Amino acid sequence: MSKRDQTPGAAGRAVALRYDGSGAPVVVASGMGYLAEKIVEVAAENGVPVYEDSSLATMLSQLSLGQEIPDSLYRAIVEIYVYFLNFDPNDPDKARREREELDAQARAAAQTAVKPAAAKKGGA
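Every value quoted in this text rests on a predicted model; they were computed, and no experiment measured them. (Residues numbered from 1 in each chain as written. Predicted model: local features only at pLDDT ≥ 70, side-chain atom pairs only at ≥ 80, totals over all residues. Heavy atoms only, no water.)

*Asks:* I'd like a description of the overall build of the chain, backed by residues and values.
*Replies:* Looking only at helices and strands, the chain has four helices and two strands in total. Secondary structure elements of the chain, listed N to C terminal, follow the sequence β-β-α-α-α-α. Relative to its full complement of 124 residues, the chain shows a buried share of 19%. Look at the contacts in the chain between residues 6 or more apart in sequence, and 57% of them connect residues 24 or more apart. Here the chain displays about 8,700 Å² of accessible surface, and carbon together with sulfur accounts for 56% of that area. (Helix = DSSP H or I, 4+ residues; strand = E, 2+ residues; numbered from the N terminus. Buried < 20%, exposed > 50% of the residue type's maximum accessible area, 1.4 Å probe, protein only. Contact = heavy atoms within 4.5 Å. Areas by Shrake-Rupley, 256 points an atom, 1.4 Å probe, with all protein chains shown as cover.)

Below, the structure written as structure tokens:
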């Protein structure tokens, strides 16, 4: 569950997706307010992981039930699936820490790649 968009006691919007291994994930439930809270509750009761992202939920809630997600949202959905693949119920923050570590490594690599070029340019 992402901490960035949590609002205690309120589920605003919720969208449930199903992916059967072919095509794109499909919207199987969508709702606001009380219905959103029930979707999240049923998911939790059945061991279905919940990822909170209000802007993505808003975009997905505009789709019809049974509709595949559009190509433009594939990247966001893949990031969620990767998050769940790394999710450890005994350590809920593990995936977030790993993602932050990878981001830090990428930033460090980018800075390292820039420094030699800057040093070379300055020395010429």
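Moving on from the model shown.
*Asks:* How would you explain the pattern of salt bridges if you had to name every residue and give the values?
*Replies:* Oppositely charged side chains may form a pair once their charged atoms are brought near each other. The tally for this structure, following the rule as stated, stands at two salt bridges. Residue Glu41 pairs with Lys38 through a salt bridge whose shortest N-O separation is 3.0 Å. With Glu41 and Lys38 both in helix 1 (residues 34–45), this residue pair falls three residues apart, about one helical turn. On the accessibility criterion, Glu41 (35% relative accessible area) is partly exposed. A salt bridge links Arg75 to Glu79; its shortest N-O distance comes to 3.4 Å. Residue Arg75 and its partner Glu79 are both found in helix 3 (residues 74–85); the two are separated by four residues, about one turn of the helix. (Salt bridge = Lys/Arg side-chain N within 4 Å of Asp/Glu carboxyl O.)

*Asks:* Outline helix 3, listing residues and values.
*Replies:* Under the 1.5 Å per step criterion, the end-to-end length of helix 3 is 16 Å for twelve residues, consistent within 8% with the ideal 16 Å. Along helix 3, the residues that are buried comprise Ile77, Ile80 and Tyr83. One side of helix 3 carries all its buried residues, which in axial view fall inside an arc of 115°. Opposite the buried face of helix 3, at more than 90 degrees from it, the exposed residues are Arg75 and Leu85. (Expected span 1.5 Å × (residues − 1). Arc of directions from axis to C-beta.)

*Asks:* Account for the packing of aromatic side chains, naming residues and giving values.
*Replies:* All chains considered together, the criterion is met by two aromatic pairs. Seen in terms of ring centroids, Tyr19 and Tyr81 are 6.1 Å apart; in terms of plane orientation they differ by 55°. Their pairing is tilted. Here Tyr19, found in the loop between strand 1 (13–18) and strand 2 (26–32), pairs with Tyr81, found in helix 3; they are 62 residues apart in sequence, far enough to count as distant. We classify Tyr19 as partly exposed; its relative accessible area is 42%. Using a relative accessible area of 34% as the deciding quantity, one classes Tyr81 as partly exposed. Seen from their ring centres, Tyr51 and Phe84 are 6.3 Å apart, and the 85° between their planes marks the pair as edge-to-face. Taken together, the positions of Tyr51 in the loop between helix 1 and helix 2 (54–60) and Phe84 in helix 3 put the pair 33 residues apart, joining distant regions of the chain. (Phe/Tyr/Trp six-rings, centres within 6.5 Å; stacked < 30°, edge-to-face > 60°.)

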